[in-house]
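Spelled out, the chains give:
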Amino acid sequence: MTALSSARPKQRLLTSMILVAAAVLSPMKNSIASSVESSVESSVESSVESLVERSLDNSVKSRLQSTVVNTQTNDQRPNVVVILVDDAGLTDFAPFGGEARMPAIQTLADRGTKFSNYYSSPLCAPSRAMLLTGIDNHRTGIATIPEILTDNQVGQPGYSMFFEPGVRTLADRLKAAGYSTYMTGKWHLGGREQDLPNGHGFDRSFALDASGADNWEQKPYMGFYDFAPWYEDGKLANLPDNFYSSKFIVDRMISYLESDKQPISRQPFFSYLAFQAIHIPVQAPREITESYNGTYDQGWHVLRKARHQRAIDLGLIAPDTALAEMPANSRDWESLSPEDRALYARAMQVQAAMLESMDSHIGRFIDYLSSRGELDNTLFILTSDNGPEPSYPIDVPGMKMWMSFNGYNHRLDNLGEQGSMVAIGPEWASASAAPLNLFKFYAAEGGIRVPLIIAGPNIVQQDWQQAMALVTDITPTVLDYLGVSNRVSNRGSNEVSITGRSMMPLLNGSATAIYAEDDAIGMEVSGNSALIRGDYKLSRNTPPYGDNIWRLYNLALDPSESNNLSTQQPEIFDLMMAEYQRYEREFGVIPPASDFDHIKQARHNSLKKILLNNWPRLTVIAVTAVLLLWWIIRIIYWRRQV
Ligand SMILES: [Ca+2]
């Protein structure tokens, strides 16, 4: 009681001081807003904030806070839009040689810089972790994906499958710098509540926390998931009835931007649009699919050659670049039955339609920014998380039964429409990556070399930027572009350092490379490994399409990895092998066992997850079966007695 009474006069005095401060600040707010520089703003903010901190009067506090908000007007820093496409190969985008109509992406490409030597990782989640943090995947906690995590990796540092302590995202950093931060679409970065986007710097988010899901309704696409886990701001959410993934991802982003729009003041924003297109199942509106009738009827051999030629004609690759071999065990198009040819041609039409549809929604988003007068003050980064998807889940044992339980079919008459499960398979995937070797899952060029377009104010227009760049370079590039610190706070002594480099010297035309000839850049996901040093690449791929043998290529002469130089240039091979081993040690790489096969591992992990997800149901079935058996035996025994 005594302490409380003695505090009251001090309280009253402090309250009076704050009221006076508020009365003085309030009429000044408009002039402060329009004329005071950001440094003055921050000092006003911090002094007002410290007053707010000490305030014991809620009404005074709210008046002061409104003054703080109103000092943040006219922040003219550019917006940042990162658009991530799922599983698009090097030549899938129209400006890179694809058939799909993509006027919006073409416009961005024409305005900005197209990269011809940009590398991501071979798999979704590690790529997303690297893109959003600028940190090597093994230091983020998301070294690989849970679907293919092996027993020797479970629980090891870097393999927790969520962002580990000290890992900061681009959203964390931009939010700390005063940006509004939004994400819509596929997240796939950790399965716990605290791993969702709202725990990693995003003010608003509508996120799919899975490797994929249906594009027409809220349901899973594989047995690993027992439902499609969509969350809005960290809470389980339902999708609307008229859902189509690309449309919804843009609609929801626009609604977040609309609801945050302030009539007078301006606050820059960071939008992360992570499309489901063109991940399995490929699905698209029928009328767009039909507009590609005939486009793929000649089959994958013809398409591979056409993409190879277009990549040369566009200047994406050198004219003397060879076309990589077809993947092992590929089927000859002519050996397929007419029914199968029709089905496969249509699957590729659906994929083109899915790209076109995504592009039209990107176009709608660009139009929205234009209508707000923000288009010319927005940095766009558009890329893919890894190469094209070769898996053909329809043929996986048990999948047909799972599909029928989950309302999926695989018929020509509704291919890609609601209820349809469809994928393009390895042969078309090799065309999506043509002229490169292999596809998603592998550290071959087809798995990791993907399209990248960067456009925005002060970004020079370049037809092809040929310097090597990495997915981890995106976050430091954005921070450098905006002049934002690469640390969230001075307190963050445990903060994991960014490993990527800024691409700004390439984007403003002041340099032709950001990696020196003798820089050794390692990458690894689940045993699929590469080390790039100047023109050379050392790499190894796992079964079924790889054989765990290390090979050496000269990418400047041989981007399609056709000529293994490991015995011809043993000194370079040995040097790069030693550098890779150093990378492995330095970054805590835990390779899977030598008999690792990601398809078998995915099947094994899916079965484990299905058992885990369904154990109550399976227990009831087992107990019922035992009781039934016991009852039948009793009846047989009783009849014999009679
Ligand atoms: Ca992907």
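Residues numbered from 1 in each chain as written. Predicted model: local features only at pLDDT ≥ 70, side-chain atom pairs only at ≥ 80, totals over all residues. Heavy atoms only, no water.

Draft legend 1. Representation of the confidence of the model for the chain. Averaged over the chain, the pLDDT score is 88; the fraction of residues at 70 or greater is 88%. In the model, residues 1-71 has pLDDT below 50 throughout and makes 40 contacts with residues more than four positions away in sequence or in other chains. (pLDDT = per-residue confidence, 0-100. Contact = heavy atoms within 4.5 Å.)

Draft legend 2. Spotlight on the packing of aromatic side chains. For the structure on display, the rule yields 26 aromatic pairs. Pairing W230 with F248 gives two aromatic rings, centres 6.2 Å apart and planes at 80°, and the pair type is edge-to-face. Of this pair, W230 sits in strand β6 (residues 230-232) while F248 sits in helix α8 (residues 245-260); the two residues are 18 residues apart in sequence, bridging distant segments of the chain. The same class applies to W230 as to F248, namely buried. Ring centres 6.1 Å apart and planes at 55° place the aromatic pair F439 and Y442 in the tilted group. Judged by relative accessible area, which is 0%, Y442 ranks as buried. Against the face of F587 rests R139, its NZ or CZ located 4.0 Å from the ring centre. The ring of F162 has R192 lying over it, and the distance from NZ or CZ to the ring centre is 3.5 Å. (Phe/Tyr/Trp six-rings, centres within 6.5 Å; stacked < 30°, edge-to-face > 60°. Helix = DSSP H or I, 4+ residues; strand = E, 2+ residues; numbered from the N terminus. Buried < 20%, exposed > 50% of the residue type's maximum accessible area, 1.4 Å probe, protein only. Lys NZ or Arg CZ within 6 Å of the ring centre and 35° of its normal.)

Draft legend 3. View of the sheet that holds strand β13 (residues 520-525). Across the sheet, four strands lie side by side as β13-β14-β15-β16; this open sheet has antiparallel pairing. Looking at which strands have only one partner, the edges of the open sheet turn out to be β13 and β16 (551-554). Here the average twist between neighbouring strands, direction ignored, is 15°. (Pairing = 2+ DSSP bridges. Axes fitted to C-alpha atoms, helices over the stretch in contact; angles between N-to-C directions.)

Draft legend 4. View of the coordination of the calcium ion. Around the calcium ion, the protein contributes the donor atoms D86 (OD), D87 (OD), C124 (SG), D385 (OD), D385 (OD) and N386 (OD1), which lie 2.2 to 2.6 Å from the metal centre. The site at the calcium ion holds six donor atoms, and with the angles between them running 52 to 159°, its shape is irregular. Going along the chain, you hit the donors of the calcium ion in the pattern D-D-x36-C-x260-D-N. Taking relative accessible area as the criterion, D86 reaches 0% and is therefore assigned buried. Classification of D87 as buried rests on a relative accessible area of 2%. (Donors = N, O, S within 2.8 Å, 3.2 Å for Na, K, Ca; no water. Tetrahedral: all angles 85-135°; square planar, octahedral: opposite > 155°, others 65-115°.)

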